[in-house]
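Chain residues, written in single-letter form:
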Amino acid sequence: MSAIDDLATELSRLPGIGRKTALRLTYHLLKQSSDQTRRLAEALLVLGERVHPCARCYNLTEQELCDICRDPRRDVALICAVEEASDIGAIERAGEFRGTYHVLGGRISPLDGVGPEDLRIGELVERARGGVVREVIVATNPSLEGEATALYVQRQLAPLSVTVSRIARGLPVGGDLEYADGVTIAQALSARREMR
Amino acid sequence: MLLATDAIVLHSMEYLESSRILRMLTREAGVQAVIAKGARRPRSRFGAALDLFAQGSAEILLKPGRDLQTLTGFDVARGRSGLAEDLARFTGAAAIADVVLRFAHDDAGPELFAIVAEALDGIAAAPQGSARERTIGGVWRIVGALGFSPSLDACSICHASVEVGDAVLFHHRAGGILCARCARAHGGGRAIPREALDALRGWLAGEAGPALPSREGRAHQRLLHEFVREHLADGRALRAFDSWASDPADA
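None of the values given here were measured: they were computed from a predicted structure.

Focus on the interface of chain B and chain A
Piece 1. Facing the 30 residues of chain B at the interface are 23 residues of chain A.
Piece 2. Of the roughly 2000 Å² buried at the junction of chain B and chain A (both faces included), carbon and sulfur atoms supply 65%.
Piece 3. Of all residues in chain B, B:Ala84, B:Leu87 and B:Phe90 give up the largest surface area on contact with chain A, accounting jointly for 24% of the area buried on that side.
Piece 4. Counting across the chain B and chain A interface gives one salt bridge.
Piece 5. The shortest N-O distance in the salt bridge between A:Arg155 and B:Asp86 comes to 4.0 Å.
Piece 6. Inspection of the region where chain B meets chain A yields three residue pairs in polar contact (both at pLDDT 80 or more).
Piece 7. Where the side of chain B that touches chain A is concerned, the elements lending two or more residues are strand E1 (2–15), helix H1 (87–103) and helix H7 (239–245) of chain B.

Below is the structure:
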């Protein structure tokens, strides 16, 4: 197998990259200067060597604990459980949450071979068992798989004296009721809150 | 060609930044893989409609010779959120989807669609502890609709009528029950009690079936799993179905 085939094969393993795109990227890299391709190769190597999951929350970090877990201003009694480390970025961008996180590592998806035992649910229960944690917010995606995962997490945490909450689902800010689908409207109605 | 048909979402995966690739069972065109462009955007025209096991009216742009078609619209009629309320329901529904996605093709018709819709509804509404029986019944009916219904009234080998006493021999390779003579001549198979045979007949006729004690439920799960592996499987793993069939806690 040639070097071109080798790289195209590796690139085609990435999500959303098919064989054609992989070949296009490979030929694009061949047109770059050797300095530029070396920088890319080094960045990939460093990524694999330095980045690992946080020992506490499984966010990605280059230290033992991630920036959020090391931040003394964070409320450690409040944990937001998310599917992937990339979800933390989305919540942090909103700038409203001051608690800590727990990355489950996916969602229950039997068709993709992912069961509850493949997720870091046991680790979350252990964290919650310590007595410090007051509330766990389950922020898995608002899909059937995310919902099944959230309910499973809730049942695992139920024996502990910890409040378990679920992020709300419903109409998007700036959305138009007229164009919302029936499922979204039903969810928004069922998760309505009293106006004060 | 634009196909307007009822469809059920059986599998969903994220594609690129904002799209989804779905596999759907349609009423008119069997299993179809479709791309829903922009489906993950917050203000997508698909909204929350394309959730797993959702059923609705789909518009699919079909191009002959392509493996991936384009979904141009989907109006959800039934969301089946009840499937997420219990892990046994969720794994049961996933087992149904696994079997359909693997063994049904684009020539599957309205009968299979109706059976799958009914099976998913049955599992979503299953009382606590009976999701397993609903799943077993659903998969047996799907097996039947795919043309592999086991012979339960006559001997699978000699076609003689079978005198069922307290138990009868069910032979996977032969495709159903055996008469006493063929049972003596052919090794293997599983002896199943008369009640189990009656339950099988009920499920294949579309009945909800009896609530079974855990041991009997496990035995039925095992029998169904062996039958599917014998007649339908091609050696590749059926991840969700195998996982459901081997889960003793599913009750």
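Notes on the sheet that holds strand E3 (residues 75–82) of chain A
All names here are of chain A.
Piece 1. Reading across from one edge, E4-E3-E5-E6 is the order of the four strands in this open sheet, with parallel pairing throughout. Lying at the two open borders of the sheet, with one neighbouring strand each, are strand E4 (99–103) and strand E6 (163–166). Neighbour-to-neighbour, the strand axes of the sheet open up by a mean angle of 25°, direction not taken into account.
Piece 2. Here E3 pairs with E4 via five bridges, running parallel. Bridged to alanine 81 within E4 is histidine 102.
Piece 3. Taken strand by strand, helix H6 (residues 121–129) contacts E3, E4 and strand E5 (135–138), and its axis lies near 150° from that of E4.

A few points about the nonpolar core
Residues and elements named next belong to chain B.
Piece 1. Within the largest apolar cluster, 82 residues are counted, with the highest numbers of intra-cluster contacts made by Phe53, Val100 and Trp140.
Piece 2. Ranked by residues supplied to this core, first place goes to H1 with 10 residues.
Piece 3. Summarising the domain contributions, this core has at least three residues from each of domain 1 (1–79) and domain 2 (82–251).
Piece 4. Here tryptophan 140 is in contact with Pro150, Phe170, Leu200, Trp203, Leu204, Leu223, Leu224 and Phe227, once residues within four sequence places are set aside.
Piece 5. Grouped together as the second largest cluster of nonpolar side chains are 17 residues, Leu22, Ala29, Ala36 and Ala49 included.

Some thoughts on the packing of aromatic side chains
Residue and element names in this part refer to chain B.
Piece 1. Inspection of every chain in the model, using the stated rule, returns five aromatic pairs over all chains.
Piece 2. Both rings, one in phenylalanine 53 and one in phenylalanine 90, keep their centres 6.5 Å apart while their planes meet at 85°; by these two values the pair is edge-to-face. Of this pair, phenylalanine 53 sits in the loop between strand E3 (30–36) and strand E4 (55–61) while phenylalanine 90 sits in helix H1, placing them 37 residues apart in sequence. The pair phenylalanine 53 / phenylalanine 90 is uniform in exposure class, with both members buried.
Piece 3. Geometrically, the ring pair formed by tryptophan 140 and phenylalanine 227 is tilted, given 5.2 Å between the ring centres and 50° between the ring planes. Here tryptophan 140 is found in helix H3 (residues 131–148), whereas its partner phenylalanine 227 is found in helix H6 (residues 214–231), with 87 residues between them in sequence.
Piece 4. Residue tryptophan 140 is classed as buried on the basis of its relative accessible area, which comes to 0%.
Piece 5. Taking relative accessible area as the criterion, phenylalanine 227 reaches 1% and is therefore assigned buried.
Piece 6. Through a chain of ring-to-ring contacts, the aromatic side chains of Trp140, Phe170 and Phe227 assemble into a single cluster.

Focus on the sheet that holds strand E6 (residues 167–171) of chain B
Residue and element names in this part refer to chain B.
Piece 1. Spatially, the three strands line up as an open sheet ordered E7-E6-E8, and their pairing is antiparallel. Only two strands of the sheet have a single neighbouring strand rather than two, namely strand E7 (176–178) and strand E8 (190–193). In this sheet, neighbouring strand axes are inclined to one another by 50° on average, regardless of whether the strands run parallel or antiparallel.
Piece 2. Two elements, E6 and E8, share four bridges in a ladder whose sense is antiparallel.

A short note on the pattern of salt bridges
Piece 1. Enumeration over the complete set of coordinates arrives at 27 salt bridges over all chains.
Piece 2. In this structure, the salt-bridge partner of A:Arg74 is A:Glu92, at a minimum N-O distance of 2.5 Å. You can see A:Arg74 sitting in the loop between helix H4 (67–70) and E3 and its partner A:Glu92 sitting in helix H5 (residues 85–94), a full 18 residues away along the chain.
Piece 3. Here B:Arg89 and B:Glu85 are joined by a salt bridge, their closest N and O atoms 3.6 Å apart.

Focus on the domain arrangement of chain B
Residues and elements named next belong to chain B.
Piece 1. As far as domains go, chain B holds domain 1 (1–79) and domain 2 (82–251).
Piece 2. Spacing between the C-alpha centres of domain 1 and domain 2 amounts to 29 Å.
Piece 3. Roughly 1400 Å² is buried in total at the junction of domain 1 and domain 2, and carbon and sulfur atoms are behind 75% of that figure.
Piece 4. Between domain 1 and domain 2 we count one salt bridge in total.
Piece 5. Measuring nitrogen to oxygen at the nearest pair gives 2.3 Å for the salt bridge that ties aspartate 121 to arginine 78.
Piece 6. Across the domain 1-domain 2 interface, the total number found is two residue pairs in polar contact (both at pLDDT 80 or more).
Piece 7. Residue assignment for the side of domain 1 that touches domain 2 shows that the elements contributing at least two residues are E1, strand E2 (19–26) and E3.
Piece 8. With five residues, the top contributor of residues to the side of domain 1 that touches domain 2 is E1.

Rules behind the numbers
- Residues numbered from 1 in each chain as written.
- Chains lettered and ligands numbered in written order.
- Predicted model: local features only at pLDDT ≥ 70, side-chain atom pairs only at ≥ 80, totals over all residues.
- Heavy atoms only, no water.
- Contact = heavy atoms within 4.5 Å.
- Buried area = accessible area lost by both parts, 1.4 Å probe.
- Salt bridge = Lys/Arg side-chain N within 4 Å of Asp/Glu carboxyl O.
- Polar contact = N/O pair within 3.5 Å; in protein donor to acceptor, adjacent residues only side chain to side chain.
- Helix = DSSP H or I, 4+ residues; strand = E, 2+ residues; numbered from the N terminus.
- Pairing = 2+ DSSP bridges.
- Axes fitted to C-alpha atoms, helices over the stretch in contact; angles between N-to-C directions.
- Core = buried A, V, L, I, M, F, W, Y, C linked by side-chain atoms within 4.5 Å.
- Buried < 20%, exposed > 50% of the residue type's maximum accessible area, 1.4 Å probe, protein only.
- Domains from an automatic or database assignment.
- Phe/Tyr/Trp six-rings, centres within 6.5 Å; stacked < 30°, edge-to-face > 60°.

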